Protein chains: 2
Amino acid sequence: MSGNKVSRKKSCNHCKSRAAAAPADTSQIHYEKFWLFRHCSSVQQRDRQAQKAGQLFSGLLAMNVVFLGCAFISSMIFNHVAITLAEVWILLSILKVLCLCWIIYYLLGISQQPHAVLHRDSHAGPIWIRGSVLLFCTFSVLLNVCHIGYSTILIQCKSKVEIVFPSIGILFICTQAFFLWHHSKDCIQVQHNFTRCGLMLTIATNLLLWLLAVTNDTIHMEIDSQLREVDERFAGKAPFSHPCNETTSCTCPNTTICKVFQKGYILLYPFNTEYCLVCCSVLYVMWKNVGRRISHHHVPHTKPKFKLQGVVFGPLLGAITVIIGICVFMMYQIQATGSFPSHQVFVMYYSYYIVLLPLMSVAAVIGTIIHALEKKELDTLKNPTRSLDVILLMGAALGQIGMSYFSIVALVATDPMELLNSLILSYSVLIIFQNITQNVFIIDGLHRQRFLAATEAGHTGHTGQQAVTSELPSEEETMTSNKQEDTQMSPGKEEEMKEENPEAYDQRRVSMLELGQEIRKVSLSYIHSYSNLSWKRRALREISFFLVLCNIILWVMPTFGAHPAFENGLEKSFYGYSTWFVIVNFGLPLGVFYRMHSVGGLLEVYVTA
Amino acid sequence: MSGNKVSRKKSCNHCKSRAAAAPADTSQIHYEKFWLFRHCSSVQQRDRQAQKAGQLFSGLLAMNVVFLGCAFISSMIFNHVAITLAEVWILLSILKVLCLCWIIYYLLGISQQPHAVLHRDSHAGPIWIRGSVLLFCTFSVLLNVCHIGYSTILIQCKSKVEIVFPSIGILFICTQAFFLWHHSKDCIQVQHNFTRCGLMLTIATNLLLWLLAVTNDTIHMEIDSQLREVDERFAGKAPFSHPCNETTSCTCPNTTICKVFQKGYILLYPFNTEYCLVCCSVLYVMWKNVGRRISHHHVPHTKPKFKLQGVVFGPLLGAITVIIGICVFMMYQIQATGSFPSHQVFVMYYSYYIVLLPLMSVAAVIGTIIHALEKKELDTLKNPTRSLDVILLMGAALGQIGMSYFSIVALVATDPMELLNSLILSYSVLIIFQNITQNVFIIDGLHRQRFLAATEAGHTGHTGQQAVTSELPSEEETMTSNKQEDTQMSPGKEEEMKEENPEAYDQRRVSMLELGQEIRKVSLSYIHSYSNLSWKRRALREISFFLVLCNIILWVMPTFGAHPAFENGLEKSFYGYSTWFVIVNFGLPLGVFYRMHSVGGLLEVYVTA
């Protein structure tokens, strides 16, 4: 510890000035150690093995926690009497408190240590991910507030734990959001194993919270049963009644505040599951980045900015889609939330999708074909954030695809010729097709090298060239940058030369002019190739912009309460209430997460096109 | 195609002689192409991207098939009326027939093409894996024969499809086993994408067969209900009755043959699930190896042979364990298969485990510590088969660990103080601990470099040295082998020299004697270091041998019918029959697969220690 401090004092006087360009001082590097691998020949190899072992052990910790939690939650589902929801909450609260302690220790202890965060992963935690963490955090806090309010009003028939647990929940959600907002890019270099275990514990806790949210339908059931009581007076017995005897006596009094809490709870419920999923993915990237040393060649990675130029049809078509979508959504929400949703509203809803989805699929296919036509190099550098993006895209798509297959089987087995059934059937088939084509388009786009940087290089010279070289593999890179130092001069050096020797400077000036003409030639040829390629680039931008807007509307609709898969009642009566509830609750949040993630991926494709 | 043949004729005359030493002729290499990546600068990069795209698309195919099958099977479970078992069988039979067509095309078409199989992965499909494929294949065929026999006897109340489907099953199982036996090491170099799709389709089919076997309890139920009818006469109504109305009228007549088929079906049932899992893992390795070009430096990989020397306590303790285990198993089988299994037999069974598991855990922990003490280099070369081994070990352990956590929660919630409950509780905790410690031991052992080869190098000279160098990274390797050619001579060359020039040979002979003395010195120092290390190596071998025998007995017991997790009835009454049936049917085959896989891994650790 004291040795670290000494080295810090020694090195920091002159390292600040060259921090961006030169690699970090080797004295700052904390190589990982592990008792299993003490006899490795090289420090690097020992470090790598210790890293693997640390990942294995922290993974095992998470696995055990997740299994224990799964067993608890399953017991609660299949044996209400022996394990109650309160006991599951106690387990989760213990986990939350442990996570809180670790996060606070990280914020105040680990991250404050010298050389703790030497590198920050520029790909990790982009603004749209951190923004959605903050957004979902707000909604989740509101959800918990609604829960506390609802329980306070009905305090006579609810236990006090229903107020205590949401309070712990609010604390956990806020602290975690703060932690992720500030530290999601960290590549932590000290206390590797403790950090890994803490991150894995937090991931496990979030996964269990998600699992509980997906399978726990008690409050839904409670509110549903109140609605059903009204229905039963008209139509005899309900088709499917769930065993929730103890709650039926506990009805909401007819005050506005209680209704607000009830409605707020139902509307905000999906955000909580989203929040858990997003946090898991950010924490996983942090876990992968523990102990990672990013080579400094990649640091001056100039991100191209989002510019809205040269695109017309994409935004136009997209805007029309969004407007129609909002109208459909409004009409759906007004009609479907009533006691007896009409047949027509479902026909309208599914028709909208059946028109939209083929358009999106065709756009994605055309985009993929254009990618194939483009003579662009592939970016084959290792990039853990991109790999995770690809995995998450594929994984999140599984939710919707799985649900679609379940729908298809149910509908084919029932009566595929009926109008609504055939609509839902085509909707399900199209969803599968659309998800797959869009995934291929995004994954392909993420692996293309930035063309923008290459064309701008001709115009802006030095900076642009740096941006291009930063994309090349590291061996070539060092060669190029050496050459660059020989042939080109920084503006500061030029100024010095002018002062020292004016004549030599003039001579130099002429050759510089010649060089300038050559550069102009090169840039003209660049512009030529640009105008040749521009229709492809423009088409790619139109397509990705259109898909971004489409995905936004497809993200908004299920998020704010349109769940026709549950409300149309066809699959529900086929699989039974509980089974379909679990399938939808697994599939829907994943689907919403997929749309959100696609928007991020498509924006990147748009920017780099 | 004709071009290929020409190049084959040209190159094959002189390539046979140097096939083992020199890299393959570049004209033989079929680089992969994909329409998406036509404009890559280098052939290698295009090849790699095409490989990734091929894997993505074949993976998508498998995903869709698996989802469709899952939806079918779930529909059958949750809605017996709309989707019947026969319809699921029709789907699976279509898939089986497609797989059969592909396998036959592969056997007769693809693998017969010129340069189709240039490389064979020496790590893939070791003999114990292929042996178990063959073993499980035999048992699965017998199972299907029993099924056909049982259905033939009860033909009056069964449909004819119950005879047709098992027949297709037998054909599929046998063809697949033949295919895997002969081609599991192939690194196919032609028709990459078609091969990948075929392999993925076969994997998906096997996965679905496994899923159906895990969740489909119709025949079990049928036989169970017959037993229960007898019980009901004594004890009134059964505690849990499943809806299987149509089968209760269809009872087995009191002939021996029917009883044999019935008993055979129940006994052989777990082997079928095993078979599917083993096939999946072998097929996955094949899929990973499609288009892989193994550098020829790794080809002369001399595998150390299995030798039983220097180990005493391991085999002794292991043999005692196995003998006691067999006795316990016999007593268990005799008592537990009766109508009223006694309390004592479970106490005996679990006591055996409670004594054995801590021993195994301690052995694994000591082994891991010895690994850490040993000054051995780590083998960090890329090795897809080993990576798969590690993943399969961890994945298969999840089955038992998950089941244990479910048991723990059920028992703690019920009454942990009762004798049998506390026994099962400690058993469950110990199983988790044992699985984790053993996994760490095996994974660590698989990553250690072969020490045997290094010590033998001193004694046997040339061959040993080759074995050592084959473990080094490829750059150093080429250097070493060049040096080797300069300084050492092959025996054949020596013989030639003797005949040509006897005097020069004698002079040479003296210097050879000096060299011999030097070699003796070196080997003495080797023996010295060997005797220093030998207690560690001996301990590692004792431990791994002991663990091999323990895992064999723990593998035999559940495989041949000891399922106390189901027969003790505690968890069954806690979670309900159906839920616990699914949990056990997921966990048990994975557990058996884990034991089998551990034996393979431990044997490798034993051999390389």
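Criteria and thresholds
Residues numbered from 1 in each chain as written. Chains lettered and ligands numbered in written order. Predicted model: local features only at pLDDT ≥ 70, side-chain atom pairs only at ≥ 80, totals over all residues. Heavy atoms only, no water. Helix = DSSP H or I, 4+ residues; strand = E, 2+ residues; numbered from the N terminus. Buried < 20%, exposed > 50% of the residue type's maximum accessible area, 1.4 Å probe, protein only. Areas by Shrake-Rupley, 256 points an atom, 1.4 Å probe, with all protein chains shown as cover. Expected span 1.5 Å × (residues − 1). Core = buried A, V, L, I, M, F, W, Y, C linked by side-chain atoms within 4.5 Å. Contact = heavy atoms within 4.5 Å. Patch = residues over 30% accessible without salt bridge, like charges linked within 9 Å, V, L, I, M, F, W, Y side chains within 5 Å. Salt bridge = Lys/Arg side-chain N within 4 Å of Asp/Glu carboxyl O. Phe/Tyr/Trp six-rings, centres within 6.5 Å; stacked < 30°, edge-to-face > 60°. pLDDT = per-residue confidence, 0-100. Axes fitted to C-alpha atoms, helices over the stretch in contact; angles between N-to-C directions. Parallel < 35°, antiparallel > 145°, perpendicular 65-115°, else oblique. Left-handed = near helix turned anticlockwise from the far one by under 90°. Polar contact = N/O pair within 3.5 Å; in protein donor to acceptor, adjacent residues only side chain to side chain.

### So, the overall build of chain A
Working step 1: In terms of helices and strands, chain A carries 21 helices and 2 strands.
Working step 2: In chain A, which comprises 609 residues, the share counted as buried stands at 53%.
Working step 3: Looking at chain A as shown, the accessible area adds up to about 28,800 Å², and 65% of this sits on carbon and sulfur atoms.

### Considerations on helix H6 (residues 192-215) of chain B
Working step 1: Between its first and last C-alpha atoms H6 of chain B spans 35 Å; for 24 residues at 1.5 Å apiece the expected length is 34 Å, and the two agree.
Working step 2: Buried residues dominate H6 of chain B, accounting for 20 of its 24 residues.

### What to know about the nonpolar core
Working step 1: Core analysis: the biggest nonpolar cluster contains 316 residues, and Phe179 of chain A together with Phe179 of chain B have the highest contact counts within it.
Working step 2: Discounting chain neighbours no more than four positions away, the residues touching phenylalanine 179 of chain A are Trp102, Ile103, Tyr106, Leu107, Ser184, Leu199, Leu283 and Met286 of chain A.

### Brief notes about unusual backbone geometry
Working step 1: In this structure, glutamine 191 of chain A is a non-glycine residue whose phi angle is positive, near 45°.
Working step 2: Counting through the fold element by element, glutamine 191 of chain A comes out in the loop between strand E2 (186-188) and helix H6 (192-215).

### Focus: a nonpolar patch on the surface
All names here are of chain A.
Working step 1: Judged by side-chain polarity, Val365, Ile369, Leu373 and Trp535 come together as a nonpolar surface patch covering roughly 340 Å² of accessible area.
Working step 2: Ranked by the residues each element gives to the nonpolar patch, the list is headed by helix H11 (residues 343-373), at 3 residues.
Working step 3: In this fold, isoleucine 369 is placed in helix H11.
Working step 4: Exposure remark for isoleucine 369: the relative accessible area of 41% places this residue in the partly exposed category.

### Thoughts on the environment of isoleucine 173 of chain A
All names here are of chain A.
Working step 1: Inspection of the secondary structure assignment puts isoleucine 173 in helix H5 (residues 161-183).
Working step 2: Residues isoleucine 173 and lysine 96, 77 residues apart in the sequence, show an inter-C-alpha distance of 9.4 Å.
Working step 3: Setting aside residues up to four positions removed in sequence, isoleucine 173 forms contacts with Cys137, Ser140, Val141, Asn144 and Tyr275.

### What to know about the packing of aromatic side chains
Working step 1: Throughout the structure, instances matching the rule amount to 38 aromatic pairs over all chains.
Working step 2: Judged by centre distance (5.6 Å) and plane angle (85°), the rings of tryptophan 102 of chain A and phenylalanine 179 of chain A are edge-to-face. Remark: phenylalanine 179 of chain A occurs in helix H5 and tryptophan 102 of chain A occurs in helix H3 (residues 85-108); sequence separation between them is 77 residues. When sorted by exposure, tryptophan 102 of chain A lands in the same class as phenylalanine 179 of chain A, which is buried.
Working step 3: When the ring of phenylalanine 545 of chain B is compared with that of tyrosine 606 of chain B, the centres are 5.5 Å apart and the planes differ by 70°; the resulting orientation is edge-to-face. Remark: tyrosine 606 of chain B occurs in helix H21 (residues 577-608) and phenylalanine 545 of chain B occurs in helix H18 (residues 502-559); sequence separation between them is 61 residues. Across the pair, exposure class does not vary: phenylalanine 545 of chain B and tyrosine 606 of chain B are buried alike.
Working step 4: Through a chain of ring-to-ring contacts, the aromatic side chains of Tyr332, Phe346, Tyr349, Tyr350, Tyr352, Tyr353 and Tyr427 of chain A assemble into a single cluster.

### Section: the confidence of the model for chain A
All names here are of chain A.
Working step 1: Chain-level statistics for chain A give a pLDDT mean of 76 and a share of 70% at 70 or above.
Working step 2: Throughout residues 236-248 the model reports pLDDT below 50, and contacts reaching past four residues in sequence, or to other chains, amount to 12 contacts.
Working step 3: Under a pLDDT of 50 for its full length, residues 451-498 has, in the predicted model, 54 contacts with residues more than four places off or in other chains.

### Topic: the packing of helix H10 (residues 313-336) of chain A against H11 of chain A
Residues and elements named next belong to chain A.
Working step 1: Closest axis-to-axis distance for the H10/H11 pair is 9 Å, and the angle between their directions is 160°. Considering their axes alone, H10 and H11 lie roughly antiparallel with respect to each other. In the crossing of H10 with H11, the sense of the turn from one axis to the other is left-handed. Where H10 approaches H11, its residues Thr321, Ile324, Gly325, Val328, Met331, Tyr332 and Gln335 are matched on the opposing element by Val345, Phe346, Met348, Tyr349, Tyr352 and Leu356.

### A short note on the environment of glutamine 400 of chain A
All names here are of chain A.
Working step 1: Tracing the sequence through the fold places glutamine 400 in helix H12 (residues 384-414).
Working step 2: Along the primary structure glutamine 400 and valine 260 are separated by 140 residues, whereas in three dimensions their C-alpha atoms are 31 Å apart.
Working step 3: Every residue in contact with glutamine 400, bar those within four places of it in the chain, is listed here: Ile431, Asn435, Gly587, Gly591, Tyr594 and Arg595.
Working step 4: Looking at glutamine 400, its side chain comes within polar contact range of the side chain of arginine 595, at 3.4 Å.

### Points about helix H10 (residues 313-336) of chain B
Working step 1: The first and last C-alpha atoms of H10 of chain B sit 33 Å apart over 24 residues, in line with the 34 Å expected at 1.5 Å per residue.
Working step 2: When H10 of chain B is considered as a whole, its buried residues turn out to be Gly314, Pro315, Gly318, Thr321, Val322, Gly325, Val328, Phe329, Tyr332, Gln333 and Ala336 of chain B.

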